[in-house]
Amino acid sequence: MTDSGPLGFATRAIHTGQEPDPTTGAVIPPLYATSTYAQDGVGGLRKGFEYSRTGNPTRTALEQCLAALEGGRFGRAFASGMAATDTALRSLLRPGDHLVIPNDTYGGTFRLIDKVLSQWGVEHTPVAISDVDAVRAAIRPNTKLVWVETPTNPLLTIADIALLADATRDASVTLVVDNTFASPYLQNPLELGADVVMHSTTKYLGGHSDLIGGALVTSDEELDTKFAFLQNGSGAVPSPFDAWLTLRSLKTLQVRMEKHSDNAEAVAQALSAHPKVERVLYPGLPEHPGHETAAKQMRRFGGMVSFLVKGGEQAALDVCARTNVFTLAESLGGVESLIEHPGRMTHASVAGTELEVPASLVRISVGLEDADDLIADLSQALA
């Protein structure tokens, strides 16, 4: 697999792993829709491929590109973000081990840890991930992993990756960063000292709400060997078509993330001034408690905004029901703007736990439409 090299981000996104096809000269890598490959004799693999669960040229091109964008040596693509998460956790944890997670972890990640890995004897401790001292205090002798989201989903909490990397390194603990909300264009955790980066490629990397996928990137060959073993052994790999779609989308990631950030900043400022909004959670706002850290480790502040509506849960549900440009739907990171109620939708799995989100919380994925139209739509929904 390839290093990122001296090339700029957009150049890597367009070219890494994507040389013109040597047979036809096609500038877009072919979609290799095949399950198996002819071999040059028993045990004689032709160009390294034998079976598409184990390896596929389209997926390999994607993995090389993902590694380059995160500044890592190795990339592994998966059938979903949760498949990537599951592979990372099962590669790094064994019965009796312990991990630290954010106290506002994504609901799907928490469900996997709390309901599945707990049956395997794995313990977890939720902490305020923005508080490095709290993370240090939560690390036990049997702690093997600190799992970080920054910004978190859905409360947009910011963790200082470099400080956490120092803390985990001192304790000989692996640091994994879910970089889904930021994307590799806005933030590169490996450069800040993280050991592994996870992505739901379904979101900003795919960017068009038309694929499901996940990824793990690292520069540690031993970790990558573990990921590769489970990737093949468990078989949760993306289809060649989903890999091809993700490669297509990476070519425009930089320009999309700039527009997402432009629009989200405008929307967050407008919401901050609205009388029906109690509080806006967006790291681009100077009053956000993680603003300085985000400004230090991110290029821009991203396209995700959450806000608390005055009037409680029903008022929040009413806002979600009244939008016209924003579509009521789960997921995020697509070109279209989405709105949802985390307590009833994406984070229902944390209800009744210490990770339960506020009932008045609304999360929006700010898309690429005209910012004025988005602001007008939210204003009428709040009226």
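Computed from a predicted model, the values in this text were never measured in an experiment.

Student: What should I look at first to understand the UniProt feature "modified residue: N6-(pyridoxal phosphate)lysine" (unreviewed entry) in the protein chain in this one?
Tutor: The sites that UniProt annotates as "modified residue: N6-(pyridoxal phosphate)lysine" (unreviewed entry) are Lys 203. Relative to the helices and strands, Lys 203 is located in the loop between β6 (196–199) and β7 (214–218). Under the relative-accessibility criterion, Lys 203 is labelled buried at 16%. Not counting the four nearest positions on each side in its chain, Lys 203 is found in contact with Thr 180, Ser 331, Leu 332 and Gly 333.

Student: It is not clear to me how the layout of surface pockets should be interpreted in this structure. Could you clarify?
Tutor: Leftover empty space is mapped by rolling, across the atoms, a probe with the size of a water molecule. Empty space within the largest pocket amounts to approximately 590 Å³. In this structure, the largest pocket is lined by 20 residues; those nearest its centre are Asp 21, Tyr 32, Lys 47, Phe 49 and Pro 57. Of the residues in the lining of the largest pocket, the class split is ten nonpolar, six polar and four charged. Size it by volume and the second largest pocket reaches roughly 430 Å³. Lining the second largest pocket are 24 residues, and of these Met 82, Tyr 106, Asn 153, Ser 200 and Lys 203 lie nearest its centre. Classifying every residue of the lining of the second largest pocket by side-chain character gives seven nonpolar, eleven polar and six charged.

Student: What's the story with the sheet that holds strand β12 (residues 361–365) in this structure? I'm lost.
Tutor: The strands that make up a sheet pair up through hydrogen bonds in the backbone, lying either parallel or antiparallel. Strands sit in the order β8-β9-β12-β11-β10 across an open sheet of five strands; the sheet is mixed. Of all strands in the sheet, those bounded by a partner on one side alone are β8 (277–281) and β10 (327–328). Its contacts with the sheet put helix α12 (residues 312–322) on β9 (304–309), β10, β11 (338–340) and β12, and the angle it makes with β9 is roughly 135°.

Student: Which parts of the structure should I look at to understand the pattern of salt bridges?
Tutor: Working definition: two side chains of opposite charge can pair if their charged atoms are close together. In the structure shown here, the tally under the stated rule is 16 salt bridges. In this structure, Asp 224 and Arg 76 form a salt bridge, with 2.9 Å as the shortest nitrogen-oxygen distance. On the criterion of sequence distance, the pair formed by Asp 224 in helix α8 (residues 221–234) and Arg 76 in strand β1 (residues 74–78) is long-range, its members being 148 residues apart. By the burial criterion, Asp 224 is buried, and Arg 76 matches it. The salt bridge involving Glu 340 is made with Arg 363; its shortest N-O contact spans 3.1 Å.

Rules behind the numbers
Residues numbered from 1 in each chain as written. Predicted model: local features only at pLDDT ≥ 70, side-chain atom pairs only at ≥ 80, totals over all residues. Heavy atoms only, no water. UniProt positions renumbered as here; feature names shortened; annotations may be inferred. Helix = DSSP H or I, 4+ residues; strand = E, 2+ residues; numbered from the N terminus. Buried < 20%, exposed > 50% of the residue type's maximum accessible area, 1.4 Å probe, protein only. Contact = heavy atoms within 4.5 Å. 1 Å grid on protein atoms, 1.4 Å probe; cavity = no way out; pocket = protein on both sides within 12 Å on 5 of 7 lines; lining within 4 Å. Points joined across faces, edges and corners; volume = space filled by probe spheres on them. Nonpolar A, V, L, I, M, F, W, Y, C, P; charged D, E, K, R; others polar. Pairing = 2+ DSSP bridges. Axes fitted to C-alpha atoms, helices over the stretch in contact; angles between N-to-C directions. Salt bridge = Lys/Arg side-chain N within 4 Å of Asp/Glu carboxyl O.

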